Structures are given as structure tokens and as C-alpha cells.
Number of protein chains: 2
Amino acid sequence: MLQSSNAPKQVVVVGGGFGGLRVAKRLAKSPVHTALIDRRNYHLFQPLLYQVATAALSPADIAEPIRRVLRRHQNVRVLLGTVTDIRLAEQRVVWDGGELAYDYLVLSAGATHAYFGNDAWSKRAPGLKTVDDALEIRRRVLLAFEAAEMVRDPDARRAKLTFVVVGGGPTGVELAGALREVASESIPADFRHVDTKTARVILVEGQSRLLPAMSERASTRALADLRDMGVEVRLNTLVTDIDDEAVKLGDERLPAANVIWAAGVRASSLGRKLGVELDRAGRVIVHPDCSVPGHPNVFAIGDMAAQVDADTKSPVPGVAQGALQMGDFVANVIDHEVKYGNARRGAFRYRDKGSMATIGRARAVADIGRQSIGGLLAWLLWSLIHVAFLISFRNRAFVMFNWIWNYAVRTKGARLITGGNPPALDRERSRSAPPRAHRTETAAQAPTKT
Amino acid sequence: MLQSSNAPKQVVVVGGGFGGLRVAKRLAKSPVHTALIDRRNYHLFQPLLYQVATAALSPADIAEPIRRVLRRHQNVRVLLGTVTDIRLAEQRVVWDGGELAYDYLVLSAGATHAYFGNDAWSKRAPGLKTVDDALEIRRRVLLAFEAAEMVRDPDARRAKLTFVVVGGGPTGVELAGALREVASESIPADFRHVDTKTARVILVEGQSRLLPAMSERASTRALADLRDMGVEVRLNTLVTDIDDEAVKLGDERLPAANVIWAAGVRASSLGRKLGVELDRAGRVIVHPDCSVPGHPNVFAIGDMAAQVDADTKSPVPGVAQGALQMGDFVANVIDHEVKYGNARRGAFRYRDKGSMATIGRARAVADIGRQSIGGLLAWLLWSLIHVAFLISFRNRAFVMFNWIWNYAVRTKGARLITGGNPPALDRERSRSAPPRAHRTETAAQAPTKT
């Protein structure tokens, strides 16, 4: 719809992740009206999602309602809904609540996990992108230990206690480390028959080293730390199949009840609606100013954008920092144009503030500039940065409290199996349960660790 | 199966609520082996469940894995599963993991909500007994406000903003008060089009007063406080029907998108397996020693038991205190008999430590002995008792922190819409959405409260 020239410009932001939220906040003082639309009502601090999956944190500890984050930004409206189409010619966004006309459009819908054409694996090997993903993984992991306590058949029990994490990036490394801690430190005392310490946690990486995006030194340190903790790391190993009972690594068939997918992401399918060139990961190949080729008033940022640093020409990594910085950049471009009319736009430059990954209790790796550190120092730095990064004070305080507590007592605070009611243990168990006649137990069964 | 006379006696406890958990703990030092079986892996502090439903707390704040609670009790095994049958003659419990032979059986499977034969209402009017119930109610409540922000049709919006709580007992009173606070204090600033303060919270009670189990004074005070807060209380009012759009109160049809069922409970169906007399609520009518008629080694306690105080002959209320005290009593009976052989059993006496209900911020009512207090004092007392009551220190600290925080900033810490992905707003919205042509919006729409 037509806007009279002096009416405030309309900015539509798709996605309330790091990038989109930053744009909306940065435009608070600009003469624009912003509509931010997201499928969920909360902003998620994704870097800590693995701690929800491993029962250390509750979802509310790492998420905040978008409305609340933006409640003081009176020129921003938050819409809960799904964008179904983008009509570049009409400058309109179609969503399940109607249509939105825009003068500027910012696409920051992020990415989801990709199975490289093996979508059939998704049922058996959930990824970790959303809160619901995390709760499902938590549920499966905890049920696996419960099932292991029940089954008598050693092979079935071993399978229940075998956790395979696919993908040696930060998420995979963090998940593997946390799972190892759950099995070895948090829960052993809680079980009578099964020794959860005997659980196997296997981290599979296709390339020759972990954390390929980080320094060699960090990779080496992460590998050493994980192995020291008891994680089995398989490098140069590809998952060739995942069936109901097992994971196939190369030619080896490994019976494993639990598989978690932390390999490869694919940008939001929204990019495809634009009819412009995408890269292999489905990201929009944007101009140096983050705009979509042929549409200077449409931007793609964060995990949706294939962007390079203007100086080094090296690709901007798919991390929070990249999304935040692109968000700042685009917000400034829009702010400048609506205030002073079109001007020559600069090119996006990525300031690498360093990258890090936590491995376990008092273990992490961090690359800062040319420096690469590990161990407790890196872990403290990691904790500090991530906690400080959390959006609201409340969350900060909670997470810190929770961490201190977990660190002190080596437990996990959120070990609840929710959803599905009663827990779907039955199928698993019956599959490995001997006939009834042999199953009669008495409470007397000695608490022997097997 | 047969036990040699000097083998430790087998105790099977069904249900890890207040009563069952207490029995297992109390028998820790007895020469028995205990198996505690529950459908869920956690003990739930039900008195605070309404705070999960109203987005103040996370499930993990008020629940603790049963295994963890009992981890130091080496003579206790925890089984995650569902009991499907009880074979009194063979002294066996059948569950989906096999069978358990027992010398003593303690039934403490609690109760669920009852719709008095209108089970069709359950889909529209969820009850509040489990964590999943609470998350579903939270989800619906939060989505209702989101939908209200979207719809343009005033009637549809009013329906979205109408919350009906059925049942004027503690749960209903606490839910109504908390919902009123969410709408009036926690979220108004977060919305642009809708004024959430205009939301209606209606509490429906069939009897002539709220909190029928408490003193007249408490009822009067609760009524006054709720009305003062803006809750519409309808006494002597029966729900005659609940359809997709509305609730029927007597002959009045009240369009309401949100209905929560807090009226009436029914004991676990397990009681029916015993073939003994049950009361109207499906509770086992037990002997003064809490045993099931004709089966001195089988006990029913807590919400599963219809028990009276030995002195006053007045029924023991279905509250945590009742379950805990019956648990103590039964554990002592068992402990005494296994140590010294059968002896004359005493009769259960209920020590009423008082009852209380919270109404809202700094408002509660409490009956202690003949005293009835209200307001801030009662609220502080309520907070103190409930927080102290929480099983693990961690939870205590968390909940206290969370309360202090919410009290300070009048917000709610856990406002996440999870499960269902993307949120199922669509159907609601489209039902009331004008045709597309009229729906094109611009981000400019003034943030007018309507």
C-alpha cells in the first residue's frame, strides 16, 4: 500500500533471534514503525540450549518473551505467526495473520538442522535448534537411563547406554561433554542395577578435527579434554545410516538407542521465496551491504545470509556475533536513509571477538585473536561472556545460580521427563524383555551394579 | 513368590507423591526391601503447580526426580512404569515392566480431576494435576493474549480475553488470582493493540462460598480479596455446558476461549482393581489403620483413601498433610510388624496443622487452629511454609529467588509458549479474521489500546 512520502517508513523484521531483535532495538529511536514477526513468542539464547537438553537448565532460564524484551520500544509491534510468502514486487510479506506492507524488509529467520538429504533420520536423531528439540532430547536421554535400569538383556542395556552425537562443532562438543557428565557425575548414585558410568558417549566428526572453525590448538585441546573425560571421539568418520536400533559409522554398525544430530545446518526456507541465488546451505548470497541482489530495501542477516567480511573476504561465521553485528549494520543503514535519504552505503565488516566452546566442568577452549586458551580459565571466560550475554538480568542471575549450584553438587537441576504421559518406555522395554514368567521380581533384588 | 521367613519383607509402594515417598523414606532403616513405582520420574510439589500454569515458575523449580530424592536409601528401588493390575490373592502387582511380589502393598497413586461424567469437556477445559497439564494451560493462556492482540473483531477479542476458572477450592482461587495478576500486572506493557487489563477472569463455584473446606472467615476474606483484585466470582453457579466457543453458566452462555477445570477430583482408578467398597470419589474406604478391608497387608493412603480421624470421625482432607501423615502411620505399622511380629495396630489420627490458600501478591488466607488470618501476614506464612516444604534445597532457593524477583518487578519469569510448533494460533485467528483484502496492515498502525 502507498505511503505518503513523509509518513514514517515501515520496517518489517522476520525472526526474533539475535539479528532481528538487534535491528528492532536499534531502530527504536528512528522515525520508523517496526513490525517484528516470529513463529515463537520468545527469544532463545541458543548457545545455552544444550544445557536444557542435558537437564542443567530450564527453558525459561535461557529464553525471554520477545514482547517483554521490546516492551519499552513503542515503535515496535511484535507479531506471533509464520511468514508464508514474500512479494518483493508489491513490497509485502504474507503471514498467517494477513499481509504486511514494508518499505524495508529484514530477513533474520535463522537456520535449522539439515540431514543432508537423509530426512528419514530426523525421527531417530533429533537436532537441537528449538526449546522443543531440547526437551525432546532431554526426555530421550533420561528415558534411556530408565530403560537401561529395567532391561535385563546385556546387549539391549548396552544399546540404551550408548549415546551417539553426530557433528564435532561447538554444539556436538558441548553436548557430548555434558552427556558424559550426566552419566558419570550427576546420576550414578540414583540407580540400583545399572552403573550409568558405563554409558558410552560417542562423538562423530566427518572431518579430521573437532571444532573445524576454531584454531588447530583449540581442536587438539578439545579432543584431549573430551577423551580425558571419557568421550569416544571418532574423527574422519561419516554416518552412513541410522535405523531403529543402530547407527552405521562407515561400515561399522553400532547399536545405539540415542542419537543426537549436531551436524550441519540449513538456512530458513524463506530465502527460497526471493528467487535470488542461494549458497549450498540455502543462505542468501547478499551484497556487501547485506541487501538482497536487486532489492536494496530487502536485507538478509545472520544465519540466513552468506556474507563475507569486506576486508578479509572470509565468510562471516554463523554465530550470534555475526548476526548481532549484521543487525547493527543494517539498522544503521536504514536509520541513515530514512533520516537523510539515500546515501552511499558502506560494506559490512565482521569484528571477530573470538570464538569458544565449553567442554565440561571447568573445561573449555577459546580463540581470542591469535591467542588460544583452554581449561579452567577458558571455562570461566566462557561462563562470564555467555552469562553476561543473556538478555535479562533475571535470566543471568538464574543461570549463574544454577551453574554455581551444579558445579558445587555435580547434579543437574532439571531432570524432568515431560511430554508423553506416561513416559513411552514400554515399547523399548518390551522389545528386550524376556517372557513374563521369568520377569517376576521382588523388591529384594540386590542393588548390584552390573 | 515365596519368601523364606527370615528374608527381608518386600514392600511395594505405588505412587511417588507425598504419601508414597514418605513411606519409602520412613522404611529406609527397616529390614525391608522397598520398590516404589511411579508413571513419572519426578516427585511433584503439587501445591505450587498453579504457578507453573501461570508462568511464574518452571517445572523443574517444583519437581525433583524420585531417584534423586531416594538415592541414599539403599533399600529402595525406583521403577518408572504404570501399574496395570493388582492380584491380591497372589500378592502381586502387575506393571508394564513385569510383576512385583509383595508382602506389604501401599497404594498412594493419588487422584486426577473429574468432570462428573462430562468427559467431553476435558479437551476444552484442562485440569491441573500434572506438569504437562500446567504447561498446556500456560500455553493456552499465553496464546489467548497473543490471539487477542491479532483479532480485530471486538467480540472475538473479548472471548479471547475471557478466562473462566471452574471450581472455588484452593486451586481455583489460586489460579484465578494468578491469572488476574498476569493480565493486570505482568504483561500489559508488552502489548500494543490490546489492553490486557480488560481481560475478564471469572471464578465459578457451585456452592455458596469459596474454599468450602476452610473457615467462613477465610471464605469471606478470599471473596473480598479476589473481587478487590478484579476477579468476577460467581457463587452458587453450576457449569451446564462447555462448547468450542463458550461456557454455559446455568442458562447464561458466556463466550470464553479459555476454561480451566479446578472442580472435583477422582481417586486413581487403581482402587477399582481391589474389588472393595469405594466412596463417590472413587477412594478406597479404608480401616482405621489405613488397611484395605480384608487385606491387612495392603494399605491405601493420601488422595486414594477415604479415611476419617479416629477421634473426631471427620474425614481426612485430600491435602499433602493428610498424605504425609498417613504415610508416616503406615510406615510405622510396617516397621513395627516386620521387627516385632504382628501386634495390635493403632488407629490413624489426623493432626490438622491448618490450611491455607494464596490469593495473590501479598494476599492469602490461613486457618490455623481456631485462628483465621489473611492479607500479607497470611501470604508470608504461606510462602514460608510452602517454600520450606519443597523437597530439595535447590528448589527452595530457586523458588524463593523467583518469588522475590517476581514480587519486585511484577513480572512472570516463565512466559514461554512451548509444545506445538509453530504455536497453534492460526485456527483461532482465522475463525475471526475478516477477509484478506481488509487485513493488509502496515507496521504503522498506531499502538492504540483498544
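Just so it is clear, the model here is predicted, and its values are computed rather than measured.

Q: Whenever I open this one, the overall build of chain A confuses me. Can you help?
A: Counting its regular elements, chain A contains 11 helices and 26 strands. Considering chain A as a whole, with its 450 residues, one finds that 60% of them fall into the buried category. For chain A, the share of sequence-separated contacts (at least 6 apart) that also reach a separation of at least 24 residues comes to 64%. Put simply, chain A shows about 17700 Å² of open surface, and 53% of that area lies on carbon and sulfur atoms.

Q: Help me understand the sheet that holds strand β15 (residues 246–249) of chain B, please; the structure alone is not making it clear to me.
A: Through backbone hydrogen bonds, the strands of a sheet pair up, either in parallel or in antiparallel fashion. Residue and element names in this part refer to chain B. Here we have three strands laid out as an open sheet, ordered β14-β15-β16, and antiparallel in their pairing. Each having just a single partner strand, β14 (239–242) and β16 (252–255) make up the two edges of the open sheet. The mean angle between the axes of side-by-side strands here comes to 25°, regardless of whether they run parallel or antiparallel. Where β15 and β16 come together, four bridges link them in antiparallel fashion. In the strand pairing of β16, V247 is matched with L254.

Q: Looking at this structure, I do not really get the sheet that holds strand β20 (residues 291–292) of chain B. What am I missing?
A: All names here are of chain B. If you walk across this open sheet you meet the six strands as β5-β2-β1-β9-β21-β20, and the pairing is mixed. Both edges of this open sheet fall to β5 (76–80) and β20, since each of them pairs with a single strand only. Note: β20 against strand β21 (residues 295–300), two bridges, orientation antiparallel. Pairing of S291 across the sheet is with F299, part of β21. Strand contacts of helix α1 (residues 18–26): β1 (9–14), β2 (32–38), β5 and β9 (104–107), with the helix running at about 160° to β2, the strand carrying the most contacts.

Q: Honestly, the pairing of strand β25 (residues 371–374) of chain B in this entry has me stumped. Any pointers?
A: For a regular strand, the rule is simple: side chains alternate between the two faces of the sheet. Residues and elements named next belong to chain B. Relative to β25, strand β24 (residues 363–368) runs antiparallel, the two sharing four bridges. When the bridges of β25 are listed, I368 appears paired with Q371. The antiparallel pairing of β24 with β25 creates a hairpin that spans two residues between the two strands, and G369 there sits at a positive phi of about 60°.

Q: How should I be thinking about the pattern of salt bridges in this particular structure?
A: Opposite charge on two side chains allows them to pair when their charged atoms are near. All names here are of chain A. The tally for this structure, following the rule as stated, stands at 44 salt bridges over all chains. Of the charged contacts in the structure, one is a salt bridge between E216 and R209, with a shortest N-O distance of 3.7 Å. When its relative accessible area of 53% is taken as the criterion, E216 is described as exposed. With a shortest N-O distance of 2.8 Å, R283 and D279 are connected by a salt bridge. Taking the relative accessible area as the measure of exposure, R283 reaches 24% and is therefore partly exposed.

Q: Teacher, can you tell me more about unusual backbone geometry here?
A: Among all residues save glycine, negative phi is the norm, and among peptide bonds the norm is trans. All names here are of chain B. Unusually for a residue other than glycine, N236 sits at a positive phi of about 50°. Mapped onto the elements of the fold, N236 is located in the loop between β13 (232–234) and β14. Phi angles above zero are rare outside glycine, and C290 is one such case at about 70°. A relative accessible area of 0% places C290 in the buried class.

Q: For this particular structure, what's the right way to read the packing of aromatic side chains?
A: Aromatic ring pairs are reported here in terms of the distance separating the ring centres and the angle at which the planes meet. The tally for this structure, following the rule as stated, stands at 14 aromatic pairs over all chains. One aromatic cluster is present, formed by Y115(A), F116(A), W121(A) and W261(A) through successive ring pairs.

Q: So what exactly am I meant to see when it comes to the pairing of β21(B) here?
A: All names here are of chain B. In the sheet, β9 pairs with β21 via three bridges, with the strands oriented parallel. Within the sheet, the bridge partner assigned to L105 lies in β21 and is V298. Joining the antiparallel neighbours β20 and β21 is a turn of two residues, in which G294 adopts a positive phi near 85°.

Q: Just to check I follow, could you spell out the packing of helix α1 (residues 18–26) of chain A against helix α8 (residues 320–340) of chain A for this structure?
A: Geometrically, a packed helix pair is captured by the angle between its two axes and the distance between the axes. All names here are of chain A. Between α1 and α8, whose axes approach to 8 Å, the crossing angle comes to 30°. Comparing the axis directions of α1 and α8 gives the class roughly parallel. Once α1 is placed against α8, the crossing between them reads as right-handed. Taking contact as the criterion, the partners of F18, G19, R22, V23 and R26 in α1 are, on α8, A320, A323, L324, G327, D328 and A331.

Q: Looking at this model, I keep getting lost on the environment of L270(B). Mind explaining?
A: Residue and element names in this part refer to chain B. Mapped onto the fold, L270 is located in the loop between β18 (265–267) and β19 (284–285). Residues L270 and S108 lie 162 residues apart in sequence; the distance between their C-alpha atoms is 9.5 Å. With residues near it in sequence (within four places) discarded, L270 still touches V14, V83, I86, L107, A109 and M304.

Q: Sorry if this is basic, but what is going on with the confidence of the model for chain A here?
A: The predicted coordinates should not be examined in detail at positions where pLDDT is low. All names here are of chain A. Confidence in the prediction of chain A, expressed as mean pLDDT, is 87, and 85% of residues score 70 or more. A low-confidence stretch, residues 421–450 (pLDDT under 50), is modelled with 82 contacts involving residues beyond four sequence positions or located in other chains. Scoring the predicted complex yields pTM 0.86 and, for the interface, ipTM 0.83.

Q: Explain the domain arrangement of chain A here, please?
A: One widely used convention gives an interface's size as the accessible area the parts lose upon coming together. Residues and elements named next belong to chain A. Domain boundaries in chain A define domain 1 (9–39 + 81–113 + 265–340) and domain 2 (119–263 + 361–409). Counting residues at the interface gives nine residues for domain 1 and eight residues for domain 2. Where domain 1 meets domain 2, there are zero salt bridges. Summed over the shared surface of domain 1 and domain 2, the number is zero residue pairs in polar contact (both at pLDDT 80 or more). Going through the elements one at a time, α1, β10 (111–113) and α8 are the ones with two or more residues in the side of domain 1 that touches domain 2. Partitioning the side of domain 1 that touches domain 2 into residue classes produces six nonpolar, three polar and no charged.

Q: Where do I start with the nonpolar core in this structure?
A: The nonpolar side chains of a soluble globular protein tend to be buried, and buried together. F145(A) and L210(A) are the most contacted members of the largest nonpolar core, which totals 61 residues. With eight residues, the top contributor of residues to this core is helix α4 (residues 131–150) of chain A. Domain assignment of the residues forming this core places at least three in each of domain 1 (9–39 + 81–113 + 265–340) and domain 2 (119–263 + 361–409) of chain A. L57(B), L128(B), V165(B) and V182(B) belong to the second-largest nonpolar core, a separate cluster that totals 60 residues.

Q: So what exactly am I meant to see when it comes to the environment of G15(B) here?
A: All names here are of chain B. Here G15 is to be found in the loop between β1 and α1. The class for G15 is buried, based on a relative accessible area of 6%. Each C-alpha atom, one on G15 and one on R40, is 8.9 Å from the other, the two residues being 25 residues apart in sequence. What G15 contacts, discounting residues up to four positions off in sequence, is G20, L21, L36, I37, D38, S108 and A109.

How each quantity is defined
Residues numbered from 1 in each chain as written. Chains lettered and ligands numbered in written order. Predicted model: local features only at pLDDT ≥ 70, side-chain atom pairs only at ≥ 80, totals over all residues. Heavy atoms only, no water. Helix = DSSP H or I, 4+ residues; strand = E, 2+ residues; numbered from the N terminus. Buried < 20%, exposed > 50% of the residue type's maximum accessible area, 1.4 Å probe, protein only. Contact = heavy atoms within 4.5 Å. Areas by Shrake-Rupley, 256 points an atom, 1.4 Å probe, with all protein chains shown as cover. Pairing = 2+ DSSP bridges. Axes fitted to C-alpha atoms, helices over the stretch in contact; angles between N-to-C directions. Salt bridge = Lys/Arg side-chain N within 4 Å of Asp/Glu carboxyl O. Phe/Tyr/Trp six-rings, centres within 6.5 Å; stacked < 30°, edge-to-face > 60°. Parallel < 35°, antiparallel > 145°, perpendicular 65-115°, else oblique. Left-handed = near helix turned anticlockwise from the far one by under 90°. pLDDT = per-residue confidence, 0-100. Domains from an automatic or database assignment. Polar contact = N/O pair within 3.5 Å; in protein donor to acceptor, adjacent residues only side chain to side chain. Nonpolar A, V, L, I, M, F, W, Y, C, P; charged D, E, K, R; others polar. Core = buried A, V, L, I, M, F, W, Y, C linked by side-chain atoms within 4.5 Å.

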